Amino acid sequence: MIILCWSRQIIYGRVGRIKTSSRQDDWYIVKSLSDEAQSHQPRKTTMQQVATCLTKVELFNNVAEADIGLFAALAHEQQLLAGDILFHASDQTNALYVIAQGSIQLLDADKNGEHSLTVFSRFEFIGEMILVAPVHQQSFTARANSDVQLYRFERDALLQLLESRGDLALTLSSTISQIIIRRMEHASYRYENVAKLYRSSGERTERDLLGEKQVPHTAYYGIQTLRALENFNISGITLNFYPNFIRGLAKVKKAAALANSDLGNIPKGLTAPICQACDEIILGMLHNHFIVDMIQGGAGTSTNMNANEVIANRALEIMGHQRGEYQYCHPNNHVNCSQSTNDAYPTAIKVALMDANDELLEVIHALIAVIDDKALEFADVLKMGRTQLQDAVPMTLGQSFRAFATSLRNEIDRLRVCSIPFLTVNMGGTAIGTGLNADERYRERVVQHLCRVTGRDIVLADDLIEATHDTGSLVMYSSALKQLAVKLSKICNDLRLLSSGPRAGLNEINLPPMQPGSSIMPGKVNPVIPEVVNQIAYKVIGNDLSVTLGAEAGQLELNVMEPVMVESLFESMEILKSGMDTLGTRCIKGITANTEVCANNVRNSIGIVTALNPYLGYETCTLLAKEALESNRSVYDLVLEKQLLSKEKLDTALAPENMVR
């Protein structure tokens, strides 16, 4: 029997082998099992090879050796090319997969794009829910990181075997129950690492200065990261909260590997695997293995070692070795070659902050565009301007919004200027700036490679000793973030005032209603979006103080307080980006003007008397204002009644185009 299938990615026969292709719109022929059996053609993988693989998979740990062959007989080999999709989120779960070679990345997606959850690699399995739930949809997308060899177990065939062998069903159920319990235990703690939820129970032994520790076999991090995880359970904010920082670390490590390769400091065969591991991290892979708390002792050593260990273990995997076999690629000797935390860590910070600054500027531009649209929409809406919350002189609502936009435009220039010092780095200075343990040629070479890797004009500091302990650029940039936050808060204060009421307030604009405003007062709607942006501003202002104190605490040749400074900066940038996006899309974009309310406020205001100063003089205008207040009459009526100006001249003086020019 031949089944002809049309596909854009991967074709699954109900049973049978699966062909894959990176090309689109290709025809595939999928043979059924019966056809393959009749053809007597040898399979690519022998039953013994499959059985050997299954004995190393946690799911089959408790299955008797004599019964492993029963499962091996159900396996269908499947090949994926790097980038191929194994399944999409919401696809029906119809098979269990065991990875024989390569690795598969699990991805989640939201409005901001895809996010890496974890990576499955050799001897791990996916899709065990077919043994637990009769009908199950995938929650995530699975994509091949590299060329992958899988063994696919069809749901129906697997369930048929378990129905006939109740002892095997009990064995697998017990194993799956243990896995689920482990996941529930991890879920009961604060977020550390999503990858833990999918980790097998195997462990490897690693050693360091203080002794030995058991590291989860599937973890890409190692013993020093594990120690940091135990020592610094502080904020719950881990490195993987800030992808730009992780990418910055990977870019620095890649540049270092290339420079060391040029100078013969590491074996040639290690350069490509290390660079590939860094490239994968830059693309967003393996981020959930960066699990160290952002706030840590040690001046960032734990962060540096987390990166070194993940890169080393991924490079080992690329070379065909097991994680932890550091004799082939060592976190310190190879990935960290010619470096110290004290030059690699601050350089990664600067690289990451430049990337994060670009993203921040994009969000500011988007917010300004929304405000500009409103300035144009409200260009002809006359309203009262106010100083010290008192009536001042007329203006247009459009002018108010145009001023908001101009204020934010000024911050774009300031942020650009304050990010320029990030282009100056201390790579090659190693421990204190003297360059100990680094080739004299390394510092120039690594900066050249860093320019290529980042696409930026990075330069080496003139004085590496000063650059190693100086954090002035962080202080200056934090100040720029604070100023942006202050301006955003002022804009939100204005929006809250202008929309106050609606009956007993200014009520000159309407904010889009987002949610009911009270659990007791019916009909109340609060300005929740400006309120949350106000609170973001307070947090950024507090973070700026943390950065300032951290910089002041530097001593001698190193500032060990950089971790809290870095966490404060990245938090400020992230919440500012989210806050500005929310403010623009969920508030300002939907604002409407109460044109008649604005016009009545102008007509009834005493403030318009200011426009008559050139005609009547300050003293006369003061008397008019006083009388208008006391008699509750309009300035306009009093001027005509006292025949101080003709109606024609008065109308000219109070014409909107003359008052708001």
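Residues numbered from 1 in each chain as written. Predicted model: local features only at pLDDT ≥ 70, side-chain atom pairs only at ≥ 80, totals over all residues. Heavy atoms only, no water.

Draft legend 1. The arrangement of the overall build of the protein chain in detail. Counting its regular elements, the protein chain contains 23 helices and 18 strands. Taking the intrachain contacts of the protein chain between residues at least 6 apart in sequence as the baseline, contacts between residues at least 24 apart amount to 72%. Of the roughly 30600 Å² of accessible surface on the protein chain, 53% is carried by carbon and sulfur atoms. (Helix = DSSP H or I, 4+ residues; strand = E, 2+ residues; numbered from the N terminus. Contact = heavy atoms within 4.5 Å. Areas by Shrake-Rupley, 256 points an atom, 1.4 Å probe, with all protein chains shown as cover.)

Draft legend 2. Broad picture of the environment of aspartate 391. As for its position among the elements, aspartate 391 is in strand β14 (residues 390–396). Its relative accessible area of 44% is what places aspartate 391 among the partly exposed residues. Along the primary structure aspartate 391 and serine 605 are separated by 214 residues, whereas in three dimensions their C-alpha atoms are 6.9 Å apart. Those residues in contact with aspartate 391 that sit more than four places away from it in its chain are Met384, Gly385, Arg386, Ser605, Ile606 and Gly607. (Buried < 20%, exposed > 50% of the residue type's maximum accessible area, 1.4 Å probe, protein only.)

Draft legend 3. Region of the structure containing the sheet that holds strand β8 (residues 125–126). Spatially, β3-β10-β5-β8 is the arrangement adopted by the 4 strands of the open sheet, whose pairing is antiparallel. At either end of the open sheet lies a strand with only one pairing partner, and these are β3 (76–80) and β8. The sheet contact formed by strand β5 (residues 95–101) and β8 spans 2 bridges and is antiparallel. Considered in β8, the bridge of valine 98 is made with phenylalanine 125. Against the sheet, helix α4 (residues 155–164) makes contact with β5 and β10 (148–154), and its axis sits at roughly 55° relative to β10, the strand it touches most. (Pairing = 2+ DSSP bridges. Axes fitted to C-alpha atoms, helices over the stretch in contact; angles between N-to-C directions.)

Draft legend 4. Local environment of the packing of aromatic side chains. Enumeration according to the criterion identifies 9 aromatic pairs in this entry. Linked through ring pairs, Tyr242, Phe245, Tyr345 and Phe570 together constitute an aromatic cluster. When the ring centre of tyrosine 220 is taken as reference, the NZ or CZ atom of arginine 323 above it lies at 3.9 Å. (Phe/Tyr/Trp six-rings, centres within 6.5 Å; stacked < 30°, edge-to-face > 60°. Lys NZ or Arg CZ within 6 Å of the ring centre and 35° of its normal.)

Draft legend 5. Region of interest: helix α11 (residues 341–377). Between its first and last C-alpha, α11 extends 53 Å over 37 residues, near the 54 Å set by a 1.5 Å rise per residue. Judged by how many residues are buried, α11 sits mostly within the fold: 27 of 37 residues are covered. (Expected span 1.5 Å × (residues − 1).)

Draft legend 6. Up close: the confidence of the model for the protein chain. On average, residues of the protein chain carry a pLDDT of 87, and 89% of them reach 70 or more. Here residues 1–43 is modelled with pLDDT under 50, and outside its nearest four sequence neighbours on either side it reaches 88 contacts, counting other chains as well. Segment residues 186–200: pLDDT under 50, and 44 contacts once partners within four positions in sequence are set aside and those in other chains are kept. (pLDDT = per-residue confidence, 0-100.)

Draft legend 7. View of the side chain of asparagine 240. Here asparagine 240 is to be found in the loop between α6 (223–231) and α7 (243–262). A relative accessible area of 12% means that asparagine 240 is categorised as buried.

Draft legend 8. A look at the packing of helix α15 (residues 472–498) against helix α17 (residues 562–586). Put simply, α15 and α17 touch, their axes get as near as 11 Å, and they point 30° apart. In terms of orientation, α15 and α17 fall into the roughly parallel class. Read as a crossing pair, α15 and α17 show a hand that is left-handed. Contacts between α15 and α17 involve Leu474, Tyr477, Ser478, Leu481, Leu484, Ala485, Leu488, Cys492 and Leu495 from the first element and Met565, Leu569, Ser572, Met573, Leu576, Met580 and Leu583 from the second. Within the contact of α15 with α17, the residues separate by chemical class into 14 nonpolar, 2 polar and no charged. (Parallel < 35°, antiparallel > 145°, perpendicular 65-115°, else oblique. Left-handed = near helix turned anticlockwise from the far one by under 90°. Nonpolar A, V, L, I, M, F, W, Y, C, P; charged D, E, K, R; others polar.)

Draft legend 9. Inspection of the side chain of lysine 213 at higher detail. Within the secondary structure, lysine 213 is located in strand β12 (residues 211–216). Every residue in contact with lysine 213, bar those within four places of it in the chain, is listed here: Arg204, Thr205, Glu206, Ile223, Leu226, Arg227 and Glu230.

Draft legend 10. Up close: the environment of threonine 303. By the element assignment, threonine 303 lies in helix α9 (residues 301–318). For the pair threonine 303 and glutamine 224, spaced 79 residues apart in the sequence, the C-alpha separation amounts to 9.6 Å. Setting aside anything within four residues of it in sequence, one finds threonine 303 in contact with Leu239, Phe245, Leu249, Gln296 and Tyr345. A distance of 2.9 Å separates the side chain of threonine 303 from the side chain of glutamine 296, its partner in a polar contact. (Polar contact = N/O pair within 3.5 Å; in protein donor to acceptor, adjacent residues only side chain to side chain.)

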